[in-house]
Amino acid sequence: MLEVLKIVAYTILICIPAAVLLYLTFKTDDRRYLFIAVAFYVVFPVVVTISFPTSLSPESITLYEAVDALPDSSTVLLTFDYYASTLAETEPMSRAALHHLFKKDCRVLTVTTIPLGGPTISERVTRDLAEEYDKVYGLDFVNLGYKANYVAVLKGMGSSISAIYPADNSGTPLSEIPMMADIKNYDDIDFIYVVADNGIVEYWISIVQSQYQAQVGCGVTAVMAPKIYAYVSSGQMTGLLGGMKGAAEYEKMVGHPGSATQGMGAQSMAHLFIIVSVISGNLMFFIDRKRGRKRKLS
Amino acid sequence: MRTIVPVIIAFLSGMVMILAFFFDPEKSILGELEQNVLSWVTIVGGFTLLLGVVSIFRVNLIAVKRRHDGWGYKLVTLISILAMAIPAIIPSKLSPLFGTGTDSIYDWLFNYLDAPMMATMFAMLAFYISSAAFRAFRARNTEATLLLIAATLVMLWRVPMGEIALAYIHPDLPQAINTYIMGGINMAVQRGIIIGAALGAAAMSLRILLGIERTYLGK
């Protein structure tokens, strides 16, 4: 009941300034009023912390349970297939995944198919979390970095990882890294955790899951999530995190609320504002149309 | 000759990949050949990136030299390329500031300049989407009305605040949206698109292998 009262209060808070700004936008045909409203609804929940309980979707529970069911000290390949532009949605997924994997003492192998910043992001995020869990580079985690032409990389790693990545991201030969001694190809990897903001996620399914029967789960941006439902339903993809909400769900399950959980307030307000603007836009459209008809008749 | 040789290379490379799929890579020569082809592809891919950088540098350099329109922006592009590339190329053995490791110049430029700029560009979408939703998302006919209702429900369901509001109307409503809209109508449409695209890709691959499709040669 308290939650509903909170929603009513926030809806009033959204509706009054939104109505004024939308009316001004409609009357003056100046989009800047609308932009002011969007900025307000995104910034306000960040300044004044607004939080609501996040419920869990079946797809994210499936992913969490698949990772949780892995025996301790399993080997997991975690991908950082995203650009810096979508960090707000994807980085919390990687962080939550690493919390889960390091808690379970899994050996983590990171890789990226993104040349612009991919290796930098994976290095920063992985080392940050590894420090928290006292994990040692080369024993508990390894960053393979980036190699050009992802289709060839994904296919080649099925036969030999060291043939595609003779050295890790910092140039150390894989033969000198203890963790890589018994990791030759996908057969030695227990789970592949893809975090992506582009079409690469489908190659992880069509090349790696289909041809090498590897278990693949993923976290993708909200705009990509609808497409992945088809693969989750067919069983080719083991679970799915969709957008910032998916990241917040995983954060909740691993017990480490982070930036995705904080971002839910801003996302809630922004979504509700867009819904209000769509409804009011339509109302104004119909009122205008009715007036036009009346004018024509008279 | 300039056409035939690339077509033969494309045919042989493609056939190696197709045939290798049906044989044990550890027991057949095709497996080794496949691995070699894949290694070559990553090497060639590296060179194409280099070619891209050289090309963008050359084009912008010429524009700056000849003082074309907007040459100032092109100069900024050139300075940016050099600022990112030079410290990254110098081996980190000389100083931790070089290379691409943590605390290097490259790392600093990426984390504090490149990443915020890319995020800013992406965040601008929120403003344009709101503007487009307000101005263009109209219930003009039945199809548009259905789309509008589905979009509104999904937008509400995807955020905690909306989810609670939906659950207040009916406790099973959020789950019903996931099951029937996302896992039902959406999935059926996505499957159709995926299967169609896959058939198109297979047909195009065959055309390239058989040398019918030669647009990649600039023809």
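Colleague: Help me out: how do you make sense of the environment of A:I228 in this one?
Modeller: All names here are of chain A. Relative to the helices and strands, I228 resides in helix 9 (residues 225-234). The class of I228 is buried, set by a relative accessible area of 1%. Excluding anything up to four places from it in sequence, I228 contacts V201, C218, V220, M237 and L240.

Colleague: What exactly am I supposed to notice about the pairing of strand 3 (residues 141-146) of chain A here?
Modeller: Along any regular strand, the residues point their side chains to alternate faces of the sheet. Residue and element names in this part refer to chain A. Across the six residues of strand 3, five count as buried, placing the element largely inside the fold. For strand 2 (residues 107-112) and strand 3, the ladder comprises four bridges, and the chain directions are parallel. Across the sheet, the residue bridging to L109 is V142, located in strand 3. Taken together, strand 2, helix 5 (residues 118-132) and strand 3 form a β-α-β motif whose crossover is right-handed.

Colleague: Would you take a moment to explain the nonpolar core for this structure?
Modeller: Considering soluble globular proteins, one finds that nonpolar side chains tend to be buried as a cluster. Residues and elements named next belong to chain A. With 72 residues, the main nonpolar core has L109, Y186, I192 and W204 as its most contacted residues. There are two domains that each give this core at least three residues, and those are domain 1 (2-50 + 261-297) and domain 2 (58-257). For Y186, the residues in contact, after removing those within four places along its chain, are L77, V153, L154, M157, G158, I192, W204, V208 and Y212. Judged by nonpolar contacts, the second largest core, of 42 residues, contains A66, Y82, I121 and M244.

Colleague: I keep staring at the interface of chain B and chain A and nothing clicks. Help me out?
Modeller: For interface size, the figure often reported is the accessible area lost on association. Between chain B and chain A, the contact holds 56 residues from the first and 74 residues from the second. Here chain B and chain A share an interface that buries about 5700 Å² over both sides, 70% of which is from carbon and sulfur atoms. The three residues of chain B that bury the most area against chain A are B:F134, B:R158 and B:M161, which together make up 15% of that side's buried surface. Close ionic contact of A:K245 with B:E163 constitutes a salt bridge, the shortest N to O distance being 3.4 Å. In this assembly, chain B and chain A are joined by 16 residue pairs in polar contact (both at pLDDT 80 or more). Looking at the side of chain B that touches chain A, the elements that each hand over two or more residues are helix 2 (29-65), helix 4 (105-136), helix 5 (142-157), helix 6 (160-169) and helix 7 (173-209) of chain B. Partitioned by chemical class, the residues of the side of chain B that touches chain A number 32 nonpolar, 15 polar and nine charged.

The rules behind the values
Residues numbered from 1 in each chain as written. Chains lettered and ligands numbered in written order. Predicted model: local features only at pLDDT ≥ 70, side-chain atom pairs only at ≥ 80, totals over all residues. Heavy atoms only, no water. Helix = DSSP H or I, 4+ residues; strand = E, 2+ residues; numbered from the N terminus. Buried < 20%, exposed > 50% of the residue type's maximum accessible area, 1.4 Å probe, protein only. Contact = heavy atoms within 4.5 Å. Pairing = 2+ DSSP bridges. Right-handed = clockwise from strand over helix to strand, strands pointing away. Core = buried A, V, L, I, M, F, W, Y, C linked by side-chain atoms within 4.5 Å. Domains from an automatic or database assignment. Buried area = accessible area lost by both parts, 1.4 Å probe. Salt bridge = Lys/Arg side-chain N within 4 Å of Asp/Glu carboxyl O. Polar contact = N/O pair within 3.5 Å; in protein donor to acceptor, adjacent residues only side chain to side chain. Nonpolar A, V, L, I, M, F, W, Y, C, P; charged D, E, K, R; others polar.

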